[in-house]
Amino acid sequence: MELYKIEKLIVKYFEATTTVAEEETLREYFSKESIAPHLEQHAPLFNYFTKAKEERFTKQVPLKPRINYLKWVSVAAIAVFMFGLYFYQPTPAPVTLADEYTQEEIESAQEAFALLAMNFNKGTEQLYHLEKFEKTTNKFLTKK
Amino acid sequence: MKQTEFLNIVLPFKDKLFRMAKRLLVSTEEAEDATQEILIKLWDKKNKMETYNNVEAFAMTMTKNFCLDRLKSKQAGNLKLVHSNYTDSSTSLQSELEAKDSISWVERIMDELPEQQKMVLQLRDVEQYEYEEIEKLLDMKPTAIRVALSRARKTVREKLMEKHNYGIV
């Protein structure tokens, strides 16, 4: 490559109007041993770029498939729930009177209740008089 | 998606991500951590990966944003104190040492550039991206890219000359 072309390219390079291919030409030129003395000052620049591109990322990256724990926890929760639902035994149905007591006991209890009811009714009948009393007192009150 | 499949997609550009991260974060360890973080994020999104039309550009943008966030965060304060990897293994040949020295100067000069210029220079001159790609990656207008790039290149040249002259005197 002729020297004047390189010189031209360098000027273009600093104006940022060179293409990638032209910049490649410059890098190539400066990577050689025979550089024109007046251009030597630019050599470190281009050689640095070439060197910088050789740097490698060597660290190992741990790429473990991340298990979606949340998903499996919900699956487990549903399983436990279904299991519980399946084996869930409702509290035994309320037993009837006939199961817990003998016929005699029931009858005597009914008799007792009947007696109680009878007496209770007697009591309520007496309340009728109370009603009368109220009527008369009302009369007094209205008269006044 | 299997791990091997994923690695086949990621392998061609993982070094680019690392170099971009290192350009921004300076420290190698930080850049390694950042790259790892990005790759793990990509791995988590592997099922969506088919829908991206350009995985490399996507990953590159992720790296850029991640690193810029890192720099903004409080950790950045500590970051600046981290030893940056300037030291080169010593070589016996004087000339080789000098050459290497001036090359590492470029690195140091680039570290001093504003972040945007750093990124443009990294993407263009190191990774040789086309302008259209840089536009998308950095979300910048074409003219802004050219201005930033030209400025970055000129700054590096000037600083390099300064150091050269200083070395001679």
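Reading the values: the criteria
- Residues numbered from 1 in each chain as written.
- Chains lettered and ligands numbered in written order.
- Predicted model: local features only at pLDDT ≥ 70, side-chain atom pairs only at ≥ 80, totals over all residues.
- Heavy atoms only, no water.
- Helix = DSSP H or I, 4+ residues; strand = E, 2+ residues; numbered from the N terminus.
- Buried < 20%, exposed > 50% of the residue type's maximum accessible area, 1.4 Å probe, protein only.
- Polar contact = N/O pair within 3.5 Å; in protein donor to acceptor, adjacent residues only side chain to side chain.
- Contact = heavy atoms within 4.5 Å.
- Buried area = accessible area lost by both parts, 1.4 Å probe.
- Salt bridge = Lys/Arg side-chain N within 4 Å of Asp/Glu carboxyl O.
- Nonpolar A, V, L, I, M, F, W, Y, C, P; charged D, E, K, R; others polar.
- UniProt positions renumbered as here; feature names shortened; annotations may be inferred.
- Expected span 1.5 Å × (residues − 1).

A. Expanded view of the side chain of A:Glu23. With respect to the secondary-structure elements, A:Glu23 resides in helix α2 (residues 20–31). Classification of A:Glu23 as buried rests on a relative accessible area of 0%. A distance of 3.0 Å separates a polar atom in the side chain of A:Glu23 from a polar atom in the side chain of B:Arg124. Among all residues touching A:Glu23, those that are not within four sequence positions of it are A:Tyr13, A:Thr18, B:Arg124, B:Asp125 and B:Arg153.

B. Seen up close, the interface of chain B and chain A. In this complex, chain B contributes 41 residues to the contact, which on the side of chain A involves 34 residues. Overall, the association of chain B and chain A removes approximately 3,500 Å² of surface from exposure, summing both partners, and the carbon and sulfur fraction of that is 57%. Of all residues in chain B, B:Ile103, B:Gln128 and B:Arg153 bury the most surface against chain A, accounting for 17% of the area lost on that side. The salt bridge partner of A:Glu15 is B:Lys154, with a shortest N-O separation of 3.1 Å. At the boundary of chain B with chain A, the tally comes to 19 residue pairs in polar contact (both at pLDDT 80 or more). Secondary structure elements with two or more residues in the side of chain B that touches chain A: α1 (3–25), α2 (28–44), α5 (94–112), α6 (115–126) and α8 (142–168) of chain B. Ranked by residue count, the leading element in the side of chain B that touches chain A is α8(B), at 10 residues. By residue class, the composition of the side of chain B that touches chain A is 17 nonpolar, 7 polar and 17 charged.

C. Spotlight on the UniProt feature "transmembrane region" (unreviewed entry) in chain A. If you check UniProt for "transmembrane region" (unreviewed entry), the listed places come out as residues 69–88 of chain A in our numbering. Counted over residues 69–88 of chain A, helix gives 95% and strand 0%. Its end C-alpha atoms are 28 Å apart.

D. Here's a closer look at unusual backbone geometry. Phi at A:Ala16 is positive, roughly 60 degrees, even though this residue is not glycine. Of the residues examined, A:Ala16 reaches a relative accessible area of 0% and is grouped as buried. Phi is positive for B:Asp139, close to 55 degrees, though the residue is something other than glycine. Here B:Asp139 is to be found in the loop between α7 (131–138) and α8.

E. Expanded view of α2(A). Between its first and last C-alpha, α2(A) extends 16 Å over 12 residues, near the 16 Å set by a 1.5 Å rise per residue. If you check which residues of α2(A) are buried, you get A:Val20, A:Glu23, A:Leu26, A:Arg27, A:Tyr29 and A:Phe30.

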